[in-house]
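Topology and contacts: notes
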Amino acid sequence: MRIAICLKQVPDSGVITMDPETHTLVRSSVGVVINPLDEFPLEIALRLKDKLGAEVVAFTMGPPRAEEVLSRAMAMGADRGILLSDAKFAGSDTWGTSLVLAKAIEEYGPFDLAMFGKQAIDGDTAQVGPETAGHLGWPHATGVNNVEIPEPDGQPVKSIKLTRMFEEGSDTVIMKLPAVLMVLKEAGEPRFGTLAGRLEYFNNPPQKAKFADLKLPDGSTGLKGSPTRVVKTEVPKVERDHLQLEGSPGEQASRLAEILKEKIG
(Lines give C-alpha, C1' and ligand atoms only; values in the text may rest on other atoms or scores of the structure.)
Protein backbone atom coordinates (compact mmCIF):
# COMPACT_ATOMS: atom_id res chain seq x y z
CA MET A 1 0.00 0.00 0.00
CA ARG A 2 1.23 3.50 -0.86
CA ILE A 3 -0.14 6.63 0.80
CA ALA A 4 0.29 10.23 -0.31
CA ILE A 5 -0.02 12.72 2.53
CA CYS A 6 -0.56 16.30 1.36
CA LEU A 7 0.73 18.95 3.76
CA LYS A 8 0.63 22.72 3.79
CA GLN A 9 2.99 25.22 5.35
CA VAL A 10 1.24 28.02 7.24
CA PRO A 11 2.53 31.23 8.88
CA ASP A 12 4.15 30.83 12.28
CA SER A 13 3.37 34.35 13.38
CA GLY A 14 0.53 36.71 14.20
CA VAL A 15 2.30 39.46 12.26
CA ILE A 16 1.86 39.08 8.51
CA THR A 17 2.45 41.20 5.43
CA MET A 18 0.11 41.32 2.43
CA ASP A 19 1.18 42.07 -1.13
CA PRO A 20 -0.89 45.14 -2.14
CA GLU A 21 -0.95 44.12 -5.83
CA THR A 22 -1.66 40.38 -5.72
CA HIS A 23 -3.55 40.50 -2.39
CA THR A 24 -1.70 37.37 -1.28
CA LEU A 25 0.37 36.69 1.82
CA VAL A 26 4.06 37.58 1.56
CA ARG A 27 5.29 34.29 2.99
CA SER A 28 8.90 35.44 3.12
CA SER A 29 7.87 37.86 5.86
CA VAL A 30 7.06 35.16 8.41
CA GLY A 31 8.26 31.75 9.54
CA VAL A 32 6.39 28.63 8.45
CA VAL A 33 5.25 25.47 10.22
CA ILE A 34 3.26 22.44 9.19
CA ASN A 35 -0.48 23.14 9.22
CA PRO A 36 -1.49 21.73 12.65
CA LEU A 37 -4.57 19.99 11.22
CA ASP A 38 -2.36 18.11 8.73
CA GLU A 39 -0.57 16.23 11.50
CA PHE A 40 -3.67 14.11 12.14
CA PRO A 41 -3.93 12.52 8.66
CA LEU A 42 -0.15 12.07 8.79
CA GLU A 43 -0.57 10.13 12.04
CA ILE A 44 -3.24 7.90 10.47
CA ALA A 45 -0.98 7.26 7.48
CA LEU A 46 1.87 6.30 9.81
CA ARG A 47 -0.38 3.91 11.74
CA LEU A 48 -1.19 2.20 8.45
CA LYS A 49 2.52 2.03 7.79
CA ASP A 50 3.05 0.38 11.18
CA LYS A 51 0.28 -2.15 10.50
CA LEU A 52 0.69 -2.89 6.81
CA GLY A 53 4.19 -1.76 5.96
CA ALA A 54 2.68 0.98 3.79
CA GLU A 55 4.95 3.52 2.13
CA VAL A 56 4.12 7.10 3.16
CA VAL A 57 5.15 9.89 0.79
CA ALA A 58 4.68 13.50 1.94
CA PHE A 59 3.93 16.25 -0.60
CA THR A 60 3.89 19.99 -0.09
CA MET A 61 3.63 22.88 -2.55
CA GLY A 62 5.33 26.17 -1.81
CA PRO A 63 8.55 28.16 -1.86
CA PRO A 64 11.89 26.43 -1.16
CA ARG A 65 11.66 26.87 2.60
CA ALA A 66 8.42 24.87 2.64
CA GLU A 67 10.83 21.94 2.77
CA GLU A 68 10.77 22.50 6.55
CA VAL A 69 7.30 20.94 6.54
CA LEU A 70 8.68 17.80 4.92
CA SER A 71 11.44 17.58 7.53
CA ARG A 72 8.73 17.41 10.21
CA ALA A 73 6.85 14.71 8.29
CA MET A 74 9.98 12.59 7.85
CA ALA A 75 10.95 13.05 11.48
CA MET A 76 7.57 11.57 12.41
CA GLY A 77 8.12 8.61 10.09
CA ALA A 78 7.24 9.47 6.48
CA ASP A 79 9.45 7.56 4.03
CA ARG A 80 9.95 10.28 1.44
CA GLY A 81 9.25 13.93 0.86
CA ILE A 82 8.51 15.74 -2.40
CA LEU A 83 8.62 19.54 -2.61
CA LEU A 84 6.54 21.07 -5.41
CA SER A 85 8.16 24.44 -5.92
CA ASP A 86 8.15 26.72 -8.94
CA ALA A 87 7.53 30.40 -9.59
CA LYS A 88 4.69 29.30 -11.89
CA PHE A 89 2.85 27.89 -8.86
CA ALA A 90 2.93 31.19 -6.96
CA GLY A 91 -0.49 32.71 -6.28
CA SER A 92 -2.46 29.56 -7.13
CA ASP A 93 -5.93 29.41 -5.61
CA THR A 94 -7.39 26.15 -4.31
CA TRP A 95 -8.17 24.99 -7.86
CA GLY A 96 -4.62 25.58 -9.08
CA THR A 97 -3.12 24.06 -5.94
CA SER A 98 -5.26 20.93 -6.18
CA LEU A 99 -4.30 20.53 -9.84
CA VAL A 100 -0.61 20.59 -8.96
CA LEU A 101 -1.11 18.06 -6.15
CA ALA A 102 -3.19 15.76 -8.36
CA LYS A 103 -0.56 15.80 -11.11
CA ALA A 104 2.17 15.10 -8.57
CA ILE A 105 0.22 12.16 -7.14
CA GLU A 106 -0.17 10.77 -10.66
CA GLU A 107 3.47 11.41 -11.57
CA TYR A 108 4.95 9.78 -8.45
CA GLY A 109 2.26 7.13 -8.05
CA PRO A 110 0.49 4.89 -8.15
CA PHE A 111 -1.03 5.57 -4.72
CA ASP A 112 -3.87 3.83 -2.92
CA LEU A 113 -4.75 6.73 -0.66
CA ALA A 114 -4.25 10.49 -0.60
CA MET A 115 -4.84 12.15 2.77
CA PHE A 116 -5.49 15.74 3.78
CA GLY A 117 -6.30 17.57 6.98
CA LYS A 118 -9.73 19.06 7.58
CA GLN A 119 -8.56 22.46 6.32
CA ALA A 120 -5.63 24.87 6.50
CA ILE A 121 -5.68 27.34 9.38
CA ASP A 122 -4.66 30.26 7.15
CA GLY A 123 -7.34 29.85 4.46
CA ASP A 124 -10.02 27.68 6.09
CA THR A 125 -11.54 26.75 2.71
CA ALA A 126 -11.44 22.94 3.06
CA GLN A 127 -11.51 22.82 -0.76
CA VAL A 128 -8.12 21.43 -1.81
CA GLY A 129 -8.80 17.84 -0.79
CA PRO A 130 -12.13 17.43 -2.62
CA GLU A 131 -10.81 19.31 -5.66
CA THR A 132 -7.75 17.04 -5.80
CA ALA A 133 -10.10 14.06 -5.76
CA GLY A 134 -12.01 15.65 -8.63
CA HIS A 135 -8.87 16.09 -10.72
CA LEU A 136 -7.87 12.48 -10.02
CA GLY A 137 -11.36 11.07 -10.59
CA TRP A 138 -11.22 9.36 -7.19
CA PRO A 139 -13.99 9.08 -4.57
CA HIS A 140 -13.42 11.14 -1.45
CA ALA A 141 -14.67 11.33 2.12
CA THR A 142 -14.60 14.29 4.50
CA GLY A 143 -14.95 14.38 8.27
CA VAL A 144 -13.06 11.10 8.72
CA ASN A 145 -12.27 10.28 12.35
CA ASN A 146 -11.41 6.58 12.04
CA VAL A 147 -9.89 4.37 9.34
CA GLU A 148 -9.99 0.59 9.46
CA ILE A 149 -8.01 -1.68 7.14
CA PRO A 150 -8.54 -5.46 6.96
CA GLU A 151 -5.85 -7.55 8.59
CA PRO A 152 -3.01 -8.08 6.10
CA ASP A 153 -3.33 -11.41 4.28
CA GLY A 154 -0.71 -10.90 1.62
CA GLN A 155 -3.28 -9.56 -0.85
CA PRO A 156 -3.53 -5.93 -2.05
CA VAL A 157 -5.93 -3.79 -0.02
CA LYS A 158 -8.87 -2.92 -2.26
CA SER A 159 -11.20 -1.14 0.18
CA ILE A 160 -11.25 0.60 3.55
CA LYS A 161 -13.82 1.13 6.28
CA LEU A 162 -14.29 4.71 7.49
CA THR A 163 -16.17 6.42 10.26
CA ARG A 164 -17.21 9.98 9.54
CA MET A 165 -18.22 12.43 12.24
CA PHE A 166 -20.97 15.04 11.88
CA GLU A 167 -22.47 17.61 14.22
CA GLU A 168 -25.29 15.29 15.25
CA GLY A 169 -23.93 11.81 14.73
CA SER A 170 -21.69 9.69 12.54
CA ASP A 171 -21.82 7.12 9.77
CA THR A 172 -19.73 4.22 8.52
CA VAL A 173 -18.63 3.98 4.90
CA ILE A 174 -16.90 1.28 2.88
CA MET A 175 -14.80 2.90 0.15
CA LYS A 176 -13.01 1.33 -2.77
CA LEU A 177 -9.45 2.39 -3.43
CA PRO A 178 -7.87 4.58 -4.60
CA ALA A 179 -9.55 7.35 -2.61
CA VAL A 180 -8.99 10.75 -1.01
CA LEU A 181 -9.63 11.27 2.72
CA MET A 182 -9.91 14.45 4.78
CA VAL A 183 -9.12 13.50 8.36
CA LEU A 184 -10.27 15.22 11.56
CA LYS A 185 -8.20 15.82 14.68
CA GLU A 186 -10.40 13.31 16.53
CA ALA A 187 -8.68 10.53 14.53
CA GLY A 188 -5.74 10.36 16.92
CA GLU A 189 -2.98 12.25 18.69
CA PRO A 190 0.06 12.84 16.42
CA ARG A 191 3.29 11.20 17.49
CA PHE A 192 6.51 13.01 18.22
CA GLY A 193 9.34 13.09 15.73
CA THR A 194 12.36 10.86 16.29
CA LEU A 195 16.08 11.34 15.88
CA ALA A 196 16.15 8.43 13.44
CA GLY A 197 13.49 10.11 11.31
CA ARG A 198 15.37 13.40 11.40
CA LEU A 199 18.57 11.69 10.29
CA GLU A 200 16.66 10.01 7.45
CA TYR A 201 15.62 13.47 6.28
CA PHE A 202 19.26 14.55 6.08
CA ASN A 203 20.41 11.29 4.49
CA ASN A 204 17.51 11.17 2.03
CA PRO A 205 16.53 14.81 1.38
CA PRO A 206 13.18 15.60 -0.28
CA GLN A 207 12.92 15.40 -4.02
CA LYS A 208 12.14 18.68 -5.78
CA ALA A 209 9.63 18.90 -8.61
CA LYS A 210 8.99 21.90 -10.85
CA PHE A 211 6.24 22.89 -13.24
CA ALA A 212 7.85 21.09 -16.20
CA ASP A 213 8.27 17.87 -14.21
CA LEU A 214 4.50 17.57 -13.78
CA LYS A 215 3.69 18.04 -17.47
CA LEU A 216 1.12 20.73 -16.73
CA PRO A 217 -0.38 22.90 -19.47
CA ASP A 218 0.97 26.45 -19.66
CA GLY A 219 -1.14 28.92 -17.73
CA SER A 220 -2.86 26.23 -15.65
CA THR A 221 -1.38 27.32 -12.32
CA GLY A 222 -0.51 30.52 -10.50
CA LEU A 223 -2.65 33.63 -10.80
CA LYS A 224 -3.29 32.96 -14.50
CA GLY A 225 -4.67 29.50 -13.84
CA SER A 226 -6.78 30.49 -10.86
CA PRO A 227 -10.50 31.07 -11.57
CA THR A 228 -10.96 32.87 -8.24
CA ARG A 229 -9.44 36.17 -7.17
CA VAL A 230 -8.94 37.86 -3.83
CA VAL A 231 -10.52 41.23 -4.54
CA LYS A 232 -9.48 42.94 -1.34
CA THR A 233 -7.42 42.04 1.70
CA GLU A 234 -6.84 44.27 4.68
CA VAL A 235 -5.81 44.06 8.31
CA PRO A 236 -8.66 45.26 10.53
CA LYS A 237 -7.97 48.36 12.59
CA VAL A 238 -8.76 48.01 16.26
CA GLU A 239 -9.60 51.27 18.00
CA ARG A 240 -10.37 51.37 21.71
CA ASP A 241 -11.27 54.13 24.12
CA HIS A 242 -9.19 54.26 27.27
CA LEU A 243 -10.60 55.46 30.57
CA GLN A 244 -8.72 55.90 33.82
CA LEU A 245 -10.91 55.38 36.87
CA GLU A 246 -10.01 56.99 40.18
CA GLY A 247 -10.91 56.10 43.74
CA SER A 248 -11.13 52.91 45.76
CA PRO A 249 -11.84 49.54 44.11
CA GLY A 250 -15.47 49.81 45.17
CA GLU A 251 -15.80 53.32 43.73
CA GLN A 252 -14.15 52.22 40.50
CA ALA A 253 -16.54 49.27 40.21
CA SER A 254 -19.57 51.52 40.76
CA ARG A 255 -18.34 54.01 38.17
CA LEU A 256 -17.66 51.20 35.68
CA ALA A 257 -21.18 49.86 36.20
CA GLU A 258 -22.60 53.32 35.48
CA ILE A 259 -20.56 53.59 32.27
CA LEU A 260 -21.72 50.18 31.07
CA LYS A 261 -25.35 51.10 31.74
CA GLU A 262 -24.91 54.27 29.70
CA LYS A 263 -23.32 52.31 26.81
CA ILE A 264 -26.08 49.69 26.82
CA GLY A 265 -28.74 52.37 26.99
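Structure's up top.
Residues numbered from 1 in each chain as written. Predicted model: local features only at pLDDT ≥ 70, side-chain atom pairs only at ≥ 80, totals over all residues. Heavy atoms only, no water.

A look at the pairing of strand E10 (residues 179-183)
Strand residues, when the strand is regular, have side chains that alternate between the two faces of the sheet. Which entries qualify depends on this criterion: Note on classification: 1.4 Å probe, protein chains only; a residue is buried when its accessible area is under 20% of the maximum for its type, exposed when over 50%, partly exposed between these limits. Numbered from the N terminus, helices here are DSSP runs of H or I no shorter than four residues, and strands are runs of E no shorter than two. Being paired, for any two strands, means DSSP has found at least two bridges between them.
Of all 5 residues that make up E10, 5 are buried, and the element is covered over most of its length. Sheet analysis places strand E6 (residues 113-117) next to E10, joined by 5 bridges and oriented parallel. If you follow Met-115 over to E10, its bridge partner there is Leu-181. Relative to E10, strand E7 (residues 140-148) runs parallel, the two being bridged by 3 bridges. Bridge assignment links Ala-141 to a residue of E10, and that residue is Leu-181.

Details of helix H1 (residues 39-52)
Definition in use: Expected helix span is taken as 1.5 Å per residue step, with the number of steps being one fewer than the number of residues.
End to end, H1 covers 20 Å across 14 residues, agreeing with the expected 20 Å (1.5 Å per residue, within 8%). The set of residues buried in H1 consists of Glu-39, Phe-40, Pro-41, Leu-42, Glu-43, Ile-44, Ala-45, Leu-46 and Leu-48. Where H1 ends, the next residue or the one after it, Gly-53, has phi of about 75 degrees, a positive value.

Describing the packing of aromatic side chains
The condition that has to hold: Only the six-membered ring of Trp is used, alongside the rings of Phe and Tyr, when aromatic pairs are assigned; centres must lie within 6.5 Å, and planes under 30 degrees apart are stacked while those over 60 apart are edge-to-face, with the rest tilted. A ring is scored as having a charge over it whenever the NZ atom of a lysine or the CZ atom of an arginine sits within 6 Å of its centre and within 35 degrees of its normal.
If you walk through the whole model with that rule in mind, you get 4 aromatic pairs. Taking 6.3 Å as the distance between ring centres and 55 degrees as the angle between the ring planes, the aromatic pair formed by Phe-59 and Tyr-108 counts as tilted. Pair noted here: Phe-59 is in strand E4 (residues 55-61) and Tyr-108 is in the loop between helix H3 (94-107) and E6, with a separation of 49 residues, a long-range link. Taken individually, Phe-59 and Tyr-108 each receive the classification buried, so the pair is uniform in this respect. When the centroid spacing of 5.2 Å and the interplanar angle of 65 degrees are considered together, the rings of Tyr-201 and Phe-202 count as edge-to-face. A connected cluster of aromatic rings, assembled from ring pairs, spans Phe-59, Tyr-108 and Phe-111. Here Arg-2 stacks its cationic end above the ring of Phe-111, 4.3 Å away from the centre of that ring.

What to know about the nonpolar core
Applicable threshold: Grouping buried Ala, Val, Leu, Ile, Met, Phe, Trp, Tyr and Cys residues that are joined through side-chain atoms within 4.5 Å yields what is termed a nonpolar core. Between two residues, a contact is recorded if the distance between any of their heavy atoms is within 4.5 Å.
Counting 35 residues, the largest nonpolar core has Leu-113, Met-115, Ile-160, Leu-162 and Leu-181 as its most contacted members. Listing elements by their share of this core, those giving two or more residues are strand E1 (2-7), H1, E4, helix H2 (67-76), E6, E7, strand E8 (159-166) and E10. Among residues more than four places away in sequence, those in contact with Leu-162 are Ala-141, Val-144, Asn-146, Val-147, Asp-171, Thr-172, Val-173, Met-175 and Leu-181.

Section: the packing of H2 against helix H5 (residues 195-203)
To keep things clear, this is the line we draw: Whenever a helix is involved, its axis is fitted only over the stretch in contact; in every case the axis is a line through C-alpha atoms, and angles between N-to-C directions fall within 0 to 180 degrees. Should an angle lie under 35 degrees it is considered roughly parallel, over 145 roughly antiparallel, and from 65 to 115 roughly perpendicular; all remaining angles are considered oblique. Handedness of a crossing is defined here by the sense of rotation of the near helix relative to the far one, left-handed for an anticlockwise turn of less than a right angle and right-handed for a clockwise turn. Polar here means any residue other than Ala, Val, Leu, Ile, Met, Phe, Trp, Tyr, Cys and Pro, which are nonpolar, and Asp, Glu, Lys and Arg, which are charged; Gly is therefore polar.
Two elements in contact, H2 and H5, have axes whose closest approach is 7 Å; the angle formed by their N-to-C orientations is 135 degrees. Compared by their axis directions, H2 and H5 come out oblique. Note on packing geometry: the crossing formed by H2 with H5 is right-handed. For the pair H2 and H5, contact is made by Glu-67, Ser-71, Met-74 and Ala-75 and by Gly-197, Arg-198, Glu-200 and Tyr-201, respectively. In terms of residue class, the contact of H2 with H5 is made up of 3 nonpolar, 2 polar and 3 charged.

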